[in-house]
Amino acid sequence: MGGIVGLGGGIGGSRLWRALAAVVDPAELTLVVNTADDMWMHGLRICPDLDTTLYALSGRQDPLRGWGVRDESFQAMQALRDLGEPVWFHLGDRDLATHLARTGMLAGGAGLTEITRRLATAMGVRARVLPMTEQEVATRIETTDGAELHYEEFLVRHAAQPTVRRVCYQGIENAVPTPDVVRSIAEADLVVLGPSNPLASITPILSLPGVADAVRATSAPVVAVTPIVTGVPIVDAGEHRRAISRAALLRSIGKPATASAVAELYQDLCQTYVIDLADADEADIVRGCGIKPVVVSTLLARDPGTSLVDMLLAVRRARPTGGLRTMEAR
Ligand code: FO1
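Residues numbered from 1 in each chain as written. Predicted model: local features only at pLDDT ≥ 70, side-chain atom pairs only at ≥ 80, totals over all residues. Heavy atoms only, no water.

Participant: Could you give an account of the overall build of the protein, naming the residues involved and the relevant values?
Facilitator: Across its full length, the protein carries 13 helices and 12 strands. What you see for the protein is a C-alpha radius of gyration of 19 Å, in line with the 20 Å of a compact globule of 330 residues. Principal axes of the C-alpha set define a box for the protein whose edges measure 60 × 40 × 40 Å. Per-residue burial for the protein yields a buried fraction of 57% across its 330 residues. A sequence separation of at least 24 residues applies to 69% of the contacts in the protein between residues at least 6 apart. (Helix = DSSP H or I, 4+ residues; strand = E, 2+ residues; numbered from the N terminus. Rg over C-alpha atoms; globule rule 2.2 N^0.38 Å. Buried < 20%, exposed > 50% of the residue type's maximum accessible area, 1.4 Å probe, protein only. Contact = heavy atoms within 4.5 Å.)

Right, here's the structure in full:
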């Protein structure tokens, strides 16, 4: 089977998958997407990271926000406010069609993998977009003032401001990865841990039984791309909020918000770790984790990512065909 398998969340990961899909045949791409941001809202099943990935790969993604659909309107949200409904998570009118379609298919008995396949087909997405599990999992944030928030409520309603005591993954103990997820990792010829929130997007996927083992056991090279670039000031308000969230969650496990701190989290999973040119000084720390650092431009919001994509494809090509995996890079 082969192919490139990406593990990731929403906005950061989706920009890399879109850049990859512009170079390789999208049919060679399988994306394992975090579903721990998912939630029920206004009676609809909302899957932010799946939708962000589908919108990015189908050219529907709003380029500035990074989430939701371009050329969007929010009439329904205003009408809901007029009805006295609490509205803090802005579902655009076109975005709502996705949630309505998914909720209807769920009510009809379809599973999330099949529903996502139908949505991808309808949007002309040829890459495989896989929810990490069929079971409901929710990243919950316990704050130091005793609140317990859904991740989206923490990030969006509270702008990632509360101090985080603990991150937990509600339902993860009863969740299993879908067979497609485990099989795609085992049969891949390149696995990429995307530039997504390590604790809110990557950890939920790796916490499903058997996924981390599959990543360690695959004969494919495993490359992780830093989700953090310290050396470049963030100008976009949404990106700034997501950076605050990444830092708050890392702080809750005693880690600084640096590229190399995330490399330490992934050190028994990947052989190569990509950091941005602006953080080249952290290469030695990454090497100290037993991981090979690669320094390229990783800021996909402002450049097409050709050097990053070229580097990933070079790792894929260099893969020893069959045979034992080269261990010296560890
Ligand atoms: N992010 C926001 O900052 N504000 C929003 O109102 C918002 C709405 C929204 C609706 C649908 C969707 O798929 C994503 C949405 N996001 C919004 C982004 C969301 O918080 C992120 O995509 C991730 O879930 C965080 O990684």
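There is more to say, and it comes next.
Participant: Outline the site of the ligand, listing residues and values.
Facilitator: Around the ligand there are 14 residues in total, and Asp37, Pro48, His90, Glu152 and Arg241 lie nearest to it. The contact in question runs from a nitrogen atom of the ligand to an N or O atom on the side chain of Trp67, over 3.4 Å. Within the side chain of Arg241, an N or O atom sits 2.5 Å from an oxygen atom of the ligand. Here the ligand, which alone exposes 530 Å², has 95% of that area covered by the protein. Residue assignment for the shell around the ligand shows that the elements contributing at least two residues are helix H2 (48-58) and helix H6 (151-157). Classifying every residue of the shell around the ligand gives seven nonpolar, two polar and five charged. (Near = heavy atom within 4 Å. Polar contact = N/O pair within 3.5 Å; in protein donor to acceptor, adjacent residues only side chain to side chain. Areas by Shrake-Rupley, 256 points an atom, 1.4 Å probe, with all protein chains shown as cover. Nonpolar A, V, L, I, M, F, W, Y, C, P; charged D, E, K, R; others polar.)

Participant: Can you explain the side chain of Thr53? Please cite residues and give values.
Facilitator: For Thr53, the position within the fold is in helix H2. Here Thr53 falls in the buried class, since its relative accessible area comes to 0%. With residues near it in sequence (within four places) discarded, Thr53 still touches Gly9, Ser14, Trp17, Leu31, Val33 and Val129.

Participant: Please set out the pairing of strand S12 (residues 292-296) residue by residue, giving values where relevant.
Facilitator: Relative to S12, strand S11 (residues 272-276) runs parallel, the two being bridged by five bridges. The residue bridging Asp276 from the neighbouring strand is Val296, located in S12. Each parallel crossover has a hand, and for S11 linked through helix H12 (residues 283-288) to S12 it is right-handed. (Pairing = 2+ DSSP bridges. Right-handed = clockwise from strand over helix to strand, strands pointing away.)

Participant: An account of the pattern of salt bridges is needed here, citing residue identities and associated values.
Facilitator: Going through the model one piece at a time under the given rule, you end up with 18 salt bridges. Ionic pairing is found between Glu114 and Arg118, a salt bridge with its closest N-O pair at 2.9 Å. Here Arg118 and Glu114 lie together in helix H5 (residues 112-122), a separation of four residues that amounts to about one turn. The shortest N-O distance in the salt bridge between Glu142 and Arg166 comes to 2.9 Å. Here Glu142 is found in strand S6 (residues 138-143), whereas its partner Arg166 is found in strand S8 (residues 164-170), with 24 residues between them in sequence. (Salt bridge = Lys/Arg side-chain N within 4 Å of Asp/Glu carboxyl O.)

Participant: Explain unusual backbone geometry to me, and be specific about the residues and the numbers.
Facilitator: In the Ramachandran plot, His42 falls in the positive-phi region, its phi being about 50 degrees despite a non-glycine side chain. Structurally, His42 is set in the loop between strand S3 (39-41) and strand S4 (44-46). The phi torsion at Ala160 lies on the positive side, around 60 degrees, for a residue other than glycine. Position of Ala160 among the secondary structure elements: in the loop between H6 and S8.

Participant: Tell me about the sheet that holds S8, and name the residues and values.
Facilitator: Taken together, three strands build an open sheet; the order of strands is S7-S6-S8 and the sheet is antiparallel. Bordering the open sheet on either side are strand S7 (148-150) and S8, each of which pairs with just one other strand. Averaged over all adjacent pairs, the angle separating strand axes in this sheet is 25 degrees, with direction ignored. Of the pairings in the sheet, the one linking S6 to S7 comprises three bridges and is antiparallel in character. Bridge pairing links Arg140 to His150 in S7. Contacts between helix H8 (residues 198-207) and the sheet are confined to S6 and S8, with S8 contributing the most and set at about 30 degrees to the helix. (Axes fitted to C-alpha atoms, helices over the stretch in contact; angles between N-to-C directions.)

Participant: With reference to specific residues and values, describe the environment of Arg45.
Facilitator: For Arg45, the location among the structural elements is in strand S4. Given the relative accessible area of 8%, Arg45 is considered buried. Taking the C-alpha atoms as reference points, Arg45 and Gln170, 125 residues apart in sequence, are found 16 Å from one another. Sequence-distant contacts of Arg45, defined by excluding residues within four places in its chain, comprise Asp38, Met39, Trp40, His99, Arg102, Thr103, Leu106 and Glu136.

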